[in-house]
Amino acid sequence: MITSKTYDGFEVGPIRPPSEAKSLLLRVTRNCPWNKCKFCRLYKGTKFSIRPKEHVIKDIDLVKRWTDLFKAAEDVDAQTRKILINDLKNELGEEQSWFYSSVISWYQSGMKSIFLQDSNSLVIKPNDLIEIITHIKKQFPEIERITSYARSETVVRISDEDLKRMADAGLNRIHIGMETAADTILKLVDKGTTKANHILAGQKVKAAGIELSEYYMPGLGGNEYSDLNALETADALNQINPDYIRIRTLAITDQSRLKEDYEQGIFTRTNDTKMIAELLLMIENLKGITSTIISSDHILNLLPEAEGRLPKDKEKIVNALKSYLDLPESEKIIYRIGRRTGIMNTIQDLKHSVRRNLVQGLIEQYGINNNNVDAFVDDILKNFI
Ligand code: SF4
């Protein structure tokens, strides 16, 4: 692993989970230590490196200094406040002016949560991570949530004792990109883990008292393994009983290795309707899950309304999925184009005459029909990620 030596100022990585929109992003590592998943191009061409913990601590102290100044600026007159803020901006210089926007929006949102970046912060030495988390808590004792992405393969290598120490220090939510628990698909997409390790990692996180968010990717098994994707993933989730199951529909981007597999006929694309049927099969097979939130919070998902808390909302979620599947083909096309172009948000919008007319205008303009709608939607989706 590469560890950079010089401190080049506050850093931010490329992504965070949608649920961390209000979190301060604190970069502990750069890029992805695995970087092989065929559907993911996020860190393509980049090298993984660990930021020295001293640099991360400098970042935390910098944010602390700024948020203290924002607080102090609230108690002075407008003119003095302007001078204070200008001094800060000048000190930062043009290059890091974005830092000002990040910190002030975090300050204005109440400084409740911090997300540790990038793709797998738990890969660093447990003692270093604990020191970073402890420093966050020291500087921001009011913080309610410290969260991170982690790979299952990394979590299974961490001792239960260390995970508990991380939890005690203040790490209270981990996001794991399960995507699928079907071994056949995990291998095909080069996810670098197994169903057994997905289950073990999830159970370890829960046993440590850390909230767990698992991501499921409908469509990842293509048409051949669509049912397998649903059934194996449901089986793993039943054994883990996570706090959140987040739906993140597959989209194939031009630069991904999955696109190459698709072009060579190794992988087949499922369309929106097949993915909804797959999701329905997965949800119907969730059993014994207690108090888990199904979240459809990603723009790639066709039906944002298919969410709720299990077990009480299972019927509501199932009905939302069935409402789409029961639509006539012509209505499915209208909704798919409406949702993918941002004109519609839920199936209820099919009854909205203005939105409906807009979508029908597009369908006519582009000559969209049963034969070309999948290609049209695929083209739009790849621009979402
Ligand atoms: S582990 Fe995550 S970030 Fe890394 S390649 Fe796979 S999906 Fe992308």
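Because the structure is a prediction, the values reported are computed rather than measured.

**Notes on the overall build of the chain**
Now for step 1: Tallying secondary structure elements over the chain gives 15 helices and 11 strands in all.
Now for step 2: Its C-alpha atoms put the chain at 60 × 50 × 45 Å along the principal axes.
Now for step 3: The 385 residues of the chain split such that 41% are buried.

**Let's talk about the packing of helix α1 (residues 53-74) against helix α4 (residues 126-139)**
Now for step 1: Viewed as axis vectors pointing N to C, α1 and α4 meet at an angle of 10 degrees, and their least axial separation amounts to 10 Å. Relative to α4, the element α1 lies roughly parallel. Within the contact between the two elements, α1 uses Lys 53, Val 56, Ile 57, Ile 60, Asp 61 and Lys 64 and α4 uses Asp 128, Glu 131, Ile 132, His 135, Ile 136 and Gln 139.
Now for step 2: In terms of residue class, the contact of α1 with α4 is built from five nonpolar, two polar and five charged.

**Here's the deal with the sheet that holds strand β10 (residues 292-295)**
Now for step 1: Strand order across the open sheet formed by eight strands is β2-β5-β6-β7-β8-β9-β10-β11, with mixed pairing between neighbours. The strands lining the two open edges of the sheet, one partner per strand, are β2 (24-27) and β11 (308-310). Across the sheet, the mean angle from the axis of one strand to that of its neighbour is 25 degrees, orientation sign disregarded.
Now for step 2: Note that strand β8 (residues 211-216) and strand β9 (residues 244-247) share four bridges and pair parallel. Bridging across to β9, Ser 213 finds its partner in Tyr 244.

Calculation rules
- Residues numbered from 1 in each chain as written.
- Predicted model: local features only at pLDDT ≥ 70, side-chain atom pairs only at ≥ 80, totals over all residues.
- Helix = DSSP H or I, 4+ residues; strand = E, 2+ residues; numbered from the N terminus.
- Buried ≥ 20, exposed ≤ 12 C-beta atoms within 10 Å, placed from the backbone.
- Axes fitted to C-alpha atoms, helices over the stretch in contact; angles between N-to-C directions.
- Parallel < 35°, antiparallel > 145°, perpendicular 65-115°, else oblique.
- Contact = placed C-beta atoms within 7 Å.
- Nonpolar A, V, L, I, M, F, W, Y, C, P; charged D, E, K, R; others polar.
- Pairing = 2+ DSSP bridges.

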